[in-house]
Each structure stands twice: as C-alpha cells, then as structure tokens.
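# Fold and contact review
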Amino acid sequence: MLHTTHCTLPTKYTYVFLLFSGEESGLVGSRWFAEHPLIQYSKVKLLVNIDLFCGGDDGLMVVNANSRETAPYVDMLDRINEVQGLTPKIARRDNAANSDHYWFTMHCPAIFIYTLGGPFGGYHSPEDTCAGCGLANYHRHMTLLRAFLEQL
C-alpha cells in the first residue's frame, strides 16, 4: 500500500519516497514495484536512488549518469556543485544492476548516488556499525541534493 502525506511547503513537483526490501537478494523489492507500479512512469521527471551515503568523504558517484535521459541532470548536479563547492568531486558511471534504481531505468530516468572513498569500509557487511559510518560530509551532500531537487 502506498502511504501519502501532504507537505505544507509549496513544491513544483510531487515527491514520492520509496523504501524497498530485498536489495541484497537481487533487487527483489524494487523489481516488484517497478513491474507493479502505483505511479505513472510518464509523470516521473527523475528517480533518485540514494544508498551508501555514509561510506566515504571523497565525493559522490552517480550510476546511470551517461544515458541520454539522465546526463543533463548530472550536468546540473555538477554545475550546482561547482558554484557551491559542497563535495570534492562528482564521478559518473554507466548504468549497472547494482541498486534499486536499476529496474526503473526501463521506465523513466533514474540515477543512483553513493559516496566515494574515505576510511570507512564494511560495504553491507555484518560488521557494519554506526561508529564506522563516515558522516563528515553528510550535511554537505544532502545540501547539494536539496539544491539539485529545488532546481529540477
């Protein structure tokens, strides 16, 4: 069931927040939702998947950054970062079936953003702890994402 809530601040677009299970088991939850949508994909301007946002402080990686549908958005993210200097770099990768954005790329523009580098390891490991989470640039990364969403 899709739960909706109303924001008191005026926005240009409707934002939908989705949470999935089964990513580590083969993107099971996102695949199911993508195949049984509760939203019209033709109305989706951009799906932004944020995962692994406490793993490093060396910048951001954008997956599916080079497609015709998404490259202009990543260019916009770069321009905002150039002006505001919020992260050391924004790197780009082609699309990969490595996170929940993947199934949506068949229906609408979708990107996956994660943090790069830093001394923090344990990629989805049973040994992960909050103490091992690198949050030094978390606020700056979220400020960048907010500025990006406001300019869409």
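Residue numbers restart at each chain and count upward from 1, following the sequence in its written direction. Only residues with pLDDT of 70 or above have their local features reported here, since the model is predicted, and side-chain atom pairs are shown and tallied only from 80 upward, although totals for entire chains, interfaces and linings are computed over all residues. Excluded from the side-chain calculation are hydrogens and water; included are all heavy atoms of the structure.

## Concerning the confidence of the model for the chain
Residue-level confidence of the predictor is summarised by pLDDT, bounded by 0 at the bottom and 100 at the top. When pLDDT is averaged along the chain, the result is 87; 82% of the residues meet or exceed 70. Here helix α3 (residues 138-151) stands out as the least confident element of the chain, with mean pLDDT 92; helix α2 (residues 71-84) is the most confident, with 98. Counting from the N terminus, the helices are DSSP H or I runs at least four residues long and the strands are E runs at least two residues long.

## As for the sheet that holds strand β3 (residues 90-93)
Strands are labelled as partners when DSSP assigns at least two bridges between them. Across the sheet, four strands lie side by side as β1-β4-β2-β3; this open sheet has mixed pairing. The sheet is open, and its two borders are formed by β1 (47-50) and β3, each paired with just one other strand. Geometrically, the sheet is characterised by an average inter-axis angle of 25 degrees between neighbouring strands, direction not taken into account. Note that β1 and strand β4 (residues 110-116) share four bridges and pair parallel. Within the sheet, the bridge partner assigned to Val 48 lies in β4 and is Ile 111. The contact criterion used is simple: two residues touch if any of their non-hydrogen atoms lie within 4.5 Å. All axes are obtained by fitting lines to C-alpha atoms, using only the stretch in contact for helices, and the reported angles, taken between N-to-C directions, cover 0 to 180 degrees. Its contacts with the sheet put α2 on β2 (59-63), β3 and β4, and the angle it makes with β3 is roughly 165 degrees. Helix-sheet contacts for α3 involve β1, β2, β3 and β4, and the interaxial angle to β2 is about 45 degrees.

## With respect to the packing of aromatic side chains
Ring geometry is summarised as follows: Phe, Tyr and Trp rings, the Trp one being its six-membered ring, pair when their centres sit within 6.5 Å, and such pairs are stacked at plane angles under 30 degrees, edge-to-face over 60 and tilted between the two. Enumeration according to the criterion identifies six aromatic pairs in this entry. Here Phe 20 and Phe 104 contribute two aromatic rings whose centre-to-centre distance is 5.9 Å and whose plane-to-plane angle is 35 degrees, an arrangement assigned as tilted. In this pair, Phe 20 is assigned in the segment before α1 (28-35) and Phe 104 in the loop between β3 and β4, connecting sequence segments 84 residues apart. Any Lys NZ or Arg CZ found within 6 Å of a ring centre and within 35 degrees of that ring's normal is scored as a charge over the ring. In this structure, Arg 31 packs its charged tip against the face of Trp 103, placed 4.6 Å from the ring centre.

## Looking at α2
To estimate the expected span of a helix, count its residues, drop one, and scale the result by 1.5 Å. Along its 14 residues, α2 runs 20 Å from first to last C-alpha, staying within 8% of the 20 Å computed at 1.5 Å per residue. The inward-facing, buried residues of α2 abut β2, β3, β4 and α3. In the segment just after α2, Gly 85 is the residue with positive phi, at about 55 degrees.

## Description of the pairing of β3
The sheet contact formed by β2 and β3 spans four bridges and is parallel. Residue pairing for β3: Leu 60 is matched across the bridge by Ile 90. The β-α-β motif built from β2, the intervening α2 and the parallel element β3 has right-handed crossover chirality. The handedness of a crossover follows from its direction of travel: if, with the strands pointing away from the viewer, the path from the first strand over the helix to the second runs clockwise, the crossover is right-handed.

## Description of the pairing of β4
Most of β4 sits out of view: seven of its seven residues are buried. The sheet contact formed by β2 and β4 spans five bridges and is antiparallel. Following the sheet pairing, Met 61 is matched in β4 by Tyr 114. The rule is simple: take the accessible area with a 1.4 Å probe, protein chains only, and divide by the maximum for that residue type; under 20% is buried, over 50% is exposed, in between is partly exposed.

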